[in-house]
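# Understanding the architecture of this molecule
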Amino acid sequence: MPGGPGARTLATAAVAAEMAGDKLPFAPDRRIPPSFAFRLAVGAVGGWALAGRRASPETGALAGMAGAIAGTLLGRAARGPDSRTTPGRAKGLVEDAAAVGLAVLVVSLAQRHPRPLSGG
């Protein structure tokens, strides 16, 4: 069930694993198709699971995918090409903190102001 404790725990674990894996020295570039697809899938599942009872799971999944796209492209642009240096890693941690903060904000707002996808 979207928004249930099990789904939220699993989504949180998947996001934490993705963030940690992204910091490993052998992690592939996040913009190559397999990495990008994985990030989209994790974002969609995370958004779906965190949508809550009053927000549409589909809207949560789309928001998660939008966050994955923004994090992949904008985060890389902000951090620069060399994420293996100390300054690059520091920027990556700031990026992660911003992503978590935005996710919490979006989920919180979605739960307060649910909007159905269709008119019915």
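Here we summarise the structure given alongside this text. Bear in mind that the values here come from a model prediction, so they are computed numbers and not experimental data.

## Looking at helix α3 (residues 57–79)
Counted at 1.5 Å a residue, the expected span for α3 with its 23 residues is 33 Å, and the 31 Å between its end C-alpha atoms agrees. Its axis deflected by about 25° at G71, α3 carries its strongest bend there. By the burial criterion, the buried members of α3 are G60, A61, G64, A68, G71, T72, G75, R76 and R79.

## Side note on the side chain of R30
You can see R30 is positioned in the loop between α1 (5–22) and α2 (33–49). Here the side chain of R30 touches G71 through a polar contact of 2.9 Å, landing on its backbone oxygen. The residues contacting R30, other than those within four sequence positions of it, are D22, S35, F36, R39, G71, T72, G75, R76, R79 and E95.

## Comments concerning the pattern of salt bridges
The final tally for this structure, using the stated rule, is one salt bridge. Taking the shortest distance from any N to any O, the salt bridge between D29 and R31 comes out at 2.8 Å. What makes R31 partly exposed here is its relative accessible area of 42%.

## Considerations on the packing of α1 against α2
Two measures define how a pair of helices packs: the angle their axes make with one another and the distance between the axes. Following both chains from N to C, one finds α1 and α2 inclined at 150°, their axes separated by 8 Å at the closest point. Compared by their axis directions, α1 and α2 come out roughly antiparallel. In this structure, α1 meets α2 at a crossing whose hand is left-handed. Every residue of α2 that contacts α1 at A7, R8, A11, A14, V15, E18 and D22 is listed here: F38, R39, V42, G46 and A49.

## Focus: the packing of α2 against α3
At a minimum axis distance of 6 Å, the contact between α2 and α3 shows a crossing angle of 145°. Regarding α2 and α3, the two cross each other, and that crossing is right-handed. Of α3, the residues touching α2 (which contributes F36, R39, L40, G43, A44, G47 and W48) are P57, G60, A61, G64, M65, A68, I69, G71 and T72. Per-class residue counts for the contact of α2 with α3 are nine nonpolar, six polar and one charged.

## Overview of the environment of G75
Following the sequence through the fold, G75 ends up in helix α3. Exposure remark for G75: the relative accessible area of 9% places this residue in the buried category. Along the sequence, G75 and A98 sit 23 residues apart, while their C-alpha atoms lie 9.8 Å from each other. In contact with G75, other than residues within four places in its own chain, are R30, A70 and E95.

The rules behind these values
Residues numbered from 1 in each chain as written. Predicted model: local features only at pLDDT ≥ 70, side-chain atom pairs only at ≥ 80, totals over all residues. Heavy atoms only, no water. Helix = DSSP H or I, 4+ residues; strand = E, 2+ residues; numbered from the N terminus. Expected span 1.5 Å × (residues − 1). Bend = angle between axes of the 7 residues up to and from the residue. Buried < 20%, exposed > 50% of the residue type's maximum accessible area, 1.4 Å probe, protein only. Polar contact = N/O pair within 3.5 Å; in protein donor to acceptor, adjacent residues only side chain to side chain. Contact = heavy atoms within 4.5 Å. Salt bridge = Lys/Arg side-chain N within 4 Å of Asp/Glu carboxyl O. Axes fitted to C-alpha atoms, helices over the stretch in contact; angles between N-to-C directions. Parallel < 35°, antiparallel > 145°, perpendicular 65-115°, else oblique. Left-handed = near helix turned anticlockwise from the far one by under 90°. Nonpolar A, V, L, I, M, F, W, Y, C, P; charged D, E, K, R; others polar.

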